[in-house]
Amino acid sequence: MNNEPLLRITELDKFYYVKKSLFGKTHEIRAVQALNLCIYQGETLGLIGESGSGKTTLSHLILGLIPPDNGQITFNQIDVLHLRRDVQIVFQYTYGALDPLKTVYELVSEPLKLHQIQFEGSLEDEVTRLLGLVGLSSGLMYRKTVAISGGQKQRVGIARAIASRPKFLILDEPVSALDISVQGQIVNLLIKLKKELGLTYLFITHDLKIARHLSDRLAVMHQGVLIEVGTTSEILTNPQMSYTKKLLGNLYNE
Ligand SMILES: Nc1ncnc2c1ncn2[C@@H]1O[C@H](COP(=O)(O)OP(=O)(O)OP(=O)(O)O)[C@@H](O)[C@H]1O
């Protein structure tokens, strides 16, 4: 880790306005409020918080998918709204997040075409290289994703995310839908890729065991506010906020 943050989030606000009924008053939801956070090159920051605390909204803001109401997010000092390929996301891929009728080849080549990535050799060579990086044989290339396992789908999702050669990955519950035995393999793959490709991770999770294994620091979100940030061992062994203590208790019991 060096001292210049890769990602700097400053005084970020995102509010949603919803009506509870057709003619009712508009209600403001403060999904992200006055949030400040730095993520450093090469680290994994785990983001924990209960459902509705604003984790997805924050990840969409970082991806530049939605604009903030206030504040700024810079990546290497450039506003994220101008970056599309340096920041990518890995979702939970087991349930339908990948088009079941597309082949592995189509899915992995899509981001290469979209971001006009330059590579040596043919498109097929590059897809083979990416599949190799995520531990998949090129023999799977022309299979539809309906015909591959959950763990293999997750690997295809990761291959898609790294295809544009990003520097930063948001991992949004990347293993929570997988069997325990497969979870370990995917976590190890993520650790290996981080080293090999020099990646930085924001890891959103409910699973404290995996958060502890993967994260250098943990950030705790509650009702849109980042209430506590610290090294993983500080947060897990000596949380300062009573909300963090309660959340850790709930997550340990899940
Ligand atoms: N498009 C939207 N329109 C209105 N309200 C929204 C929208 N998206 C999210 N919200 C609200 O903003 C708040 C934060 O939601 P968000 O999805 O970011 O939380 P989360 O921590 O990711 O939850 P989960 O762990 O369940 O995915 C919630 O109150 C949610 O209902």
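Residues numbered from 1 in each chain as written. Predicted model: local features only at pLDDT ≥ 70, side-chain atom pairs only at ≥ 80, totals over all residues.

Undergrad: Would you explain the overall build of the chain in this entry?
TA: A count of helices and strands for the chain gives 8 helices and 10 strands. Over its C-alpha atoms the chain spans a radius of gyration of 19 Å, differing by no more than 12% from the 18 Å that the globule rule assigns to 254 residues. Expressed as lengths along the three principal axes of its C-alpha atoms, the size of the chain is roughly 50 × 45 × 40 Å. In the chain, which comprises 254 residues, the share counted as buried stands at 37%. In the chain, 69% of the contacts between residues at least 6 apart in sequence involve partners at least 24 apart. (Helix = DSSP H or I, 4+ residues; strand = E, 2+ residues; numbered from the N terminus. Rg over C-alpha atoms; globule rule 2.2 N^0.38 Å. Buried ≥ 20, exposed ≤ 12 C-beta atoms within 10 Å, placed from the backbone. Contact = placed C-beta atoms within 7 Å.)

Undergrad: Before we go on, may I ask you to explain the site of the ligand in this structure?
TA: Taken together, Tyr16, Val18, Ile29, Ala31, Gly49, Ser51, Gly52, Ser53, Gly54, Lys55, Thr56 and Thr57 make up the full set of residues near the ligand. Sorting the residues of the shell around the ligand by element identifies β1 (5–19), β2 (26–40) and α1 (55–62) as the ones contributing at least two each. With 3 residues, the single largest contributor to the shell around the ligand is α1. Counted by class, the shell around the ligand contains 4 nonpolar, 7 polar and 1 charged residues. (Near = placed C-beta within 6 Å. Nonpolar A, V, L, I, M, F, W, Y, C, P; charged D, E, K, R; others polar.)

Undergrad: Is there a simple way to explain unusual backbone geometry in this structure?
TA: In terms of backbone geometry, most residues other than glycine have negative phi values and most peptide bonds are trans. Backbone geometry places Gln116, a non-glycine residue, at a positive phi of 50°. Mapped onto the elements, Gln116 comes out in the loop between α2 (104–114) and α3 (123–133). Of note, the phi angle at Glu173 is positive, near 45°, even though the residue is not glycine. Residue position: Glu173 is located in the loop between β7 (168–172) and α5 (180–197).

Undergrad: Just checking my understanding: could you explain the environment of Lys153 for this structure?
TA: Topologically, Lys153 is positioned in helix α4 (residues 150–163). Lys153 sits in the buried class, given 24 other C-beta atoms within 10 Å. Placed 133 residues apart in sequence, Lys153 and Lys20 show a C-alpha to C-alpha distance of 38 Å.

Undergrad: Is there a simple way to explain the sheet that holds strand β3 (residues 44–48) in this structure?
TA: Sheet strands pair via backbone hydrogen bonds, and the direction of the pair is either parallel or antiparallel. Strand order in the open sheet formed by 6 strands is β6-β7-β8-β3-β9-β10, and the pairing between neighbours is mixed. With one partner strand each, in any of the chains shown, β6 (87–90) and β10 (225–231) form the two edges of the open sheet. Direction aside, the axes of adjacent strands within the sheet are offset by 20° on average. Contacting β6 and β7, α4 crosses the sheet at an angle of about 175° to β6. (Pairing = 2+ DSSP bridges. Axes fitted to C-alpha atoms, helices over the stretch in contact; angles between N-to-C directions.)

Undergrad: Which parts of the structure should I look at to understand the pairing of strand β9 (residues 217–222)?
TA: Side-chain positions along a regular strand alternate between the two faces of the sheet. Most of β9 is tucked away, with 5 of its 6 residues classed as buried. Bridging between β3 and β9 involves 4 bridges; their strand directions are parallel. Residue pairing in the sheet places Leu47 in a bridge with Ala219 of β9. Where β9 lies against β10, 6 bridges are found, and the strand directions are antiparallel. By the bridge assignment for β10, Arg217 is matched with Thr231.

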